[in-house]
Amino acid sequence: MTTPSLIFEMKLPRFRSWELITGSLILKENAAAAGIKFLATSGCTGHQYSQSYLLPGRGCLPPSEAIVPKIWEVETRPVYLPAVKGVEGNFFIIQPFEVTVLGVERSDLGIHLDANVPGSAGCIVIRDRQHWIIFQRKMFELSQKGINRLPLEVKYTIA
């Protein structure tokens, strides 16, 4: 059996844009399948551009190629954070908890619903409520099968 995985892809401009840029979070349940695509983003409006992953609290999640080791993992069982503004519900922790990229520390990242102001402080946020419901259900199913973590590949293309 192939291990399920997640891929987050987003096209970033070279320079600052004041539009919220969206990409896709793809859940691949096996290598042969195309996967389920969820509308998602990472970072705040105005802080989504090439190298913006070096901006703590507002830039995008660092790409896999920039972290050591070059792998992110996502817990399949969420932490319930109803009082945290912007999360306001389930939060799927991204490991490692903390990474340092070119001397900049990024930490406390996860996947959650885009629940408040559009965008995130570095987390991956799913923008559509129906997509979020499906994502949570799929993660629950995987956890019920004994899968505790999924590898996450973070890829950006520069437009």
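Whatever comes next refers back to the structure up there.
Just so it is clear, the model here is predicted, and its values are computed rather than measured.

Caption draft 1: Structural context of the pattern of salt bridges. The full count for this structure, using the stated rule, is seven salt bridges. As a salt-bridge pair, Arg127 and Asp114 come within 2.8 Å of each other at their nearest N and O atoms. Of this pair, Arg127 sits in the loop between strand S10 (119–126) and helix H1 (129–144) while Asp114 sits in the loop between strand S9 (110–113) and S10, and the two are 13 residues apart along the sequence. Note on Asp114: relative accessible area 11%, which makes it buried. Within this structure, Glu29, Arg137, Lys138 and Glu141 form a network of salt bridges that share partners.

Caption draft 2: Highlighting the environment of Leu102. Along the chain, the position of Leu102 falls in the loop between strand S7 (98–101) and strand S8 (104–107). Classification of Leu102 as exposed rests on a relative accessible area of 70%. For the pair formed by Leu102 and Leu54, sequence separation is 48 residues and the distance between their alpha carbons is 7.8 Å.

Caption draft 3: Representation of the packing of aromatic side chains within the structure. Taken as a whole and assessed by the stated rule, the structure comprises five aromatic pairs. With a centroid separation of 5.5 Å and 85 degrees between ring planes, the pair formed by Phe38 and Phe135 is classed as edge-to-face. With Phe38 in strand S3 (residues 36–44) and Phe135 in helix H1, this pair connects stretches of sequence that are 97 residues apart. The two residues Phe38 and Phe135 agree in class, both being buried. Between the aromatic rings of Phe92 and Phe135, the centroid separation amounts to 5.4 Å while the plane-to-plane angle is 85 degrees, which identifies the pairing as edge-to-face. Taken together, the residues span a long stretch of sequence, with Phe92 in strand S6 (residues 89–95) and Phe135 in helix H1 at a distance of 43 residues. The same class applies to Phe92 and to Phe135, which are both buried. Ring-pair connections join several aromatic residues into one group, and the members of that group are Phe38, Phe92, Trp132 and Phe135.

Parameters at a glance
- Residues numbered from 1 in each chain as written.
- Predicted model: local features only at pLDDT ≥ 70, side-chain atom pairs only at ≥ 80, totals over all residues.
- Heavy atoms only, no water.
- Salt bridge = Lys/Arg side-chain N within 4 Å of Asp/Glu carboxyl O.
- Helix = DSSP H or I, 4+ residues; strand = E, 2+ residues; numbered from the N terminus.
- Buried < 20%, exposed > 50% of the residue type's maximum accessible area, 1.4 Å probe, protein only.
- Phe/Tyr/Trp six-rings, centres within 6.5 Å; stacked < 30°, edge-to-face > 60°.

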